[in-house]
Amino acid sequence: MKKALVRTDFNFPGQKSVYHGKVRDVYNINDEVLVMVATDRISAFDVVLPEGIPYKGQMLNQIAAKFLDATTDICPNWKMASPDPMVTVGVQCEGYPVEMIVRGYLCGSAWRAYKSGVREICGIQLPEGMRENQRFPEPIITPTTKAAIGAHDEDISKEEILKQGLVSAEEYAVIEKYTMELFKRGTEIAAQRGLILVDTKYEFGHRDGKIYLIDEIHTPDSSRYFYSEGYEDRFAKGEPQKQLSKEFVREWLMDNGFQGKEGQQVPEMTPAIVDGISNRYIELFEHITGETFVKGDTDNLAARIEKNVTDYLKNK
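I will try to describe carefully the structure that is included in this document. Residue indices begin from 1 for each chain and proceed along its sequence in written order. Totals for whole chains, interfaces and linings use every residue, but because this is a predicted model, local features are given only for residues with pLDDT of at least 70 and side-chain atom pairs only at 80 or more, for both listing and counting. As a rule here, side-chain values cover all heavy atoms of the structure and leave hydrogens and water aside.

## Overview of the side chain of Ser157
If you trace the backbone, Ser157 turns up in the loop between strand 13 (144-145) and helix 3 (158-164). The buried label goes to any residue with under 20% of its type's maximum accessible area, the exposed label to any with over 50%, and the partly exposed label to all in between, with areas taken from a 1.4 Å probe on protein chains only. A relative accessible area of 16% means that Ser157 is categorised as buried. A polar contact is formed between the side chain of Ser157 and the backbone nitrogen of Glu160, at a distance of 3.0 Å. Any two residues whose heavy atoms approach within 4.5 Å at even a single point are treated as in contact. When sequence neighbours within four positions are dropped, the list of residues in contact with Ser157 reads Cys122 and Gly123. The numbering of helices and of strands both runs from the N terminus, where a helix is a DSSP run of H or I of at least 4 residues and a strand a run of E of at least 2. Here a polar contact is recorded for every N or O atom pair within 3.5 Å, except that within protein the pair must consist of a potential hydrogen donor and a potential acceptor, and residues adjacent in sequence are included only if both atoms are side-chain atoms.

## Here we look at the pairing of strand 15 (residues 210-214)
Taken across its 5 residues, strand 15 has 4 buried, putting it largely inside the fold. In this description, strands pair whenever DSSP reports at least two bridges between them. One ladder, built from 5 bridges, connects strand 14 (residues 195-207) with strand 15; its direction is antiparallel. Residue pairing in the sheet places Phe204 in a bridge with Leu213 of strand 15. Between the end of strand 14 and the start of strand 15, which pair antiparallel, lie 2 residues, with Asp208 showing a positive phi angle near 50 degrees.

## Remarks on the environment of Ser228
Looking at the element boundaries, Ser228 is found in the loop between strand 16 (223-227) and helix 5 (231-237). For Ser228, a relative accessible area of 31% translates into the label partly exposed. The spacing of Ser228 and Ile196 is 32 residues in sequence and 5.7 Å in space, taken between C-alpha atoms. In contact with Ser228, not counting residues within four places along its chain, are Gly194, Leu195 and Ile196. Reaching out from Ser228, the side chain makes a polar contact with the backbone nitrogen of Leu195 at a distance of 3.3 Å.

Written as structure tokens, this is what we have:
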């Protein structure tokens, strides 16, 4: 039977603390190295859903590792090794309190805001007369604050980031440059797979005066992809785009009356629903990477991870 890893409680050599995020559990090793475990938890509307999705953590970790390796010529990143299919070990950085969201197309939350009459997002003026899923003339950066636990991320403009001193002007210029170059690379790789990288988010941190790309990159949890084939035809007809992203989970929740608002109940996640989401993630993995997904052994995930990470840390 497929099992999902929804919580971890490891005690690695040199461990000083652990942070349990919505999806990832991050272990601090001697204030120098982070062990990031991609669990099988799934979140939507800033809510962690009650059921884990088998293989999701492995897929996200392996996609992120692949894209981190494919962008080292653009900027330094935090990854040192991936000693387990669900784990990345890397340099501990102090994260900037903003997320850099890049949008190549008008869709998702930006479209919902636009449809309601909003014409400015994060200080950027949007033209009149745009339609859902329309390409922007040039990609735009719409940052958000990095919210505290339990809080929602909030849109913020570049001007406000600098005014509040969240990031210095010099550092922001570097992060902005990295963001656009990473999105360009992600767009090129997606095109080779018959996909369009619609939007994504990047996080950055710094250590010893150096700026690093941190966390995940170009995964279906942090990005939205459309299929290139049929995009123009669907757009011309005003039809929904065929997409590869976590949006299908959000749409299922919305169809069942849940948007993370107070008083709303998460709909029942039956085994069929869970299996369906897992299979969609496998589809995402294979399309995004161009590789066949090889399922890891799920019999005792925690023991496997503990052994692999401990062996790596001892031999590092």
